[in-house]
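Report on the structure
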Amino acid sequence: MSERSRPGLAILLILAAGLLLSSQDALAKTLTLSYPLLLVVCLRYLAQSLLMLLVFAPRLGLDLLRTRRPLLQLARGLSLVGVTLLFYGGLRYIPLGEATAVIFLAPLVVVALSVLWLKERVGRGVWLSIGGSMLGVLLIVRPGSALFTPAILLPLGAACCFGLYQLLTRRLSASDHPATSNFITALVGTLGTGLLLPWTWQLPQWHDLLLMAALGALAMSGHMLLTHAYRYGSAASLAPFTYGQILTATLIGALAFDHLPDTWAVLGMAVIMLSGAALAWSQNRK
């Protein structure tokens, strides 16, 4: 049996990845309420760097650091640092489920950047999907709601950075090993935030230090599961299930932070999920 003929396993892996990444976000939300944002982000990337060394260095050696596109790798790392800082910062003010729904605008940002940067042509269906997703965000962040504040710009900015990150990942996939890309990104995150850490340093308690290290472990494990999921199923067939992360984030938000989205927010999340699935279907037909 070929790897691509196991869609059931691929779906389970993609759902498990969403659960791990939602758990990471919930843990980050808890920690950033007590510690400086830069400290949490720096230790998260440091833990991820050390874990990747333990997992990949024995097999890849120095190849783990070899890249043909160092400037693109730097840009990719900085874009993910932007995602982490903006999204974690937004979680201080925005509920987990709604913030996760907003960051799932990233695939639509990829389309927009592909049109502007790569001069790709897209059809009417793609633009309708983009419009639908923007409508979903407006339903979540509607005038008069509790989320209609400047803080919503943080997850929106994270979605833009995440779209750029995905586009750079696509460009680098043809030249560099995935482990190299992820390790360099973790190093950029560690060094970039570590340079600013002395101005916001706060000594964490031991149990909180372990929780910050767990952020890196959850992030690495979640992305490894994503990588394996796409070995067993196509991106287009798995796209609807990636939006399961919105559901798990909403459930964790209800259990951990006692927040349930209202009817309009639920409708907005549904519109974003349907628009994203329609975009994946349209791209697959193309």
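Residues numbered from 1 in each chain as written. Predicted model: local features only at pLDDT ≥ 70, side-chain atom pairs only at ≥ 80, totals over all residues. Heavy atoms only, no water.

As annotated in an unreviewed UniProt entry, the protein carries the name EamA domain-containing protein and is attributed to Aquipseudomonas alcaligenes.

**Section: the side chain of Arg44**
By secondary structure assignment, the location of Arg44 is in helix α2 (residues 37-60). The buried charged residue Arg44 lacks any salt bridge partner; its closest oppositely charged side chain belongs to Asp25, at an N-O distance of 7.4 Å. Beyond its immediate sequence surroundings of up to four residues, Arg44 is in contact with Gln24, Thr84, Tyr88, Met212, Leu215, Gly216 and Ala219. (Helix = DSSP H or I, 4+ residues; strand = E, 2+ residues; numbered from the N terminus. Buried < 20%, exposed > 50% of the residue type's maximum accessible area, 1.4 Å probe, protein only. Lys, Arg positive; Asp, Glu negative; His and termini not counted. Salt bridge = Lys/Arg side-chain N within 4 Å of Asp/Glu carboxyl O. Contact = heavy atoms within 4.5 Å.)

**Description of the environment of Leu12**
Looking at where Leu12 falls in the secondary structure, it is placed in helix α1 (residues 7-32). Along the backbone, Leu12 and Phe241 are 229 residues apart, and their C-alpha atoms lie at a distance of 9.2 Å.

**Comments concerning the packing of helix α3 (residues 70-91) against helix α7 (residues 153-172)**
Axis separation between α3 and α7 bottoms out at 8 Å; the angle between their running directions is 155°. One way to sum up the angle between α3 and α7 is to call them roughly antiparallel. Crossing of α3 over α7 shows left-handed handedness. Residue-level inspection shows Leu72, Gln73, Ala75, Arg76, Ser79, Leu80, Gly82, Val83, Leu86, Phe87, Gly89 and Gly90 of α3 in contact with α7, the latter providing Leu154, Pro155, Gly157, Ala158, Cys161, Phe162, Leu164, Tyr165, Leu168, Thr169, Arg171 and Leu172. Among the residues making up the contact of α3 with α7, the classes are represented as 15 nonpolar, 7 polar and 2 charged. (Axes fitted to C-alpha atoms, helices over the stretch in contact; angles between N-to-C directions. Parallel < 35°, antiparallel > 145°, perpendicular 65-115°, else oblique. Left-handed = near helix turned anticlockwise from the far one by under 90°. Nonpolar A, V, L, I, M, F, W, Y, C, P; charged D, E, K, R; others polar.)

**Some remarks on the packing of aromatic side chains**
On inspection of all chains with the given rule, the structure shows 2 aromatic pairs. Considering the side-chain rings of Phe162 and Tyr165, the 5.7 Å spacing of their centres and the 15° angle between planes classify their relative orientation as stacked. Taken together, the residues Phe162 and Tyr165, both in helix α7 and 3 residues apart, mark about one turn of the helix. We classify Tyr165 as buried; its relative accessible area is 9%. Taking the ring centre of Phe257 as reference, the NZ or CZ of Lys29 above it sits at 5.4 Å. (Phe/Tyr/Trp six-rings, centres within 6.5 Å; stacked < 30°, edge-to-face > 60°. Lys NZ or Arg CZ within 6 Å of the ring centre and 35° of its normal.)

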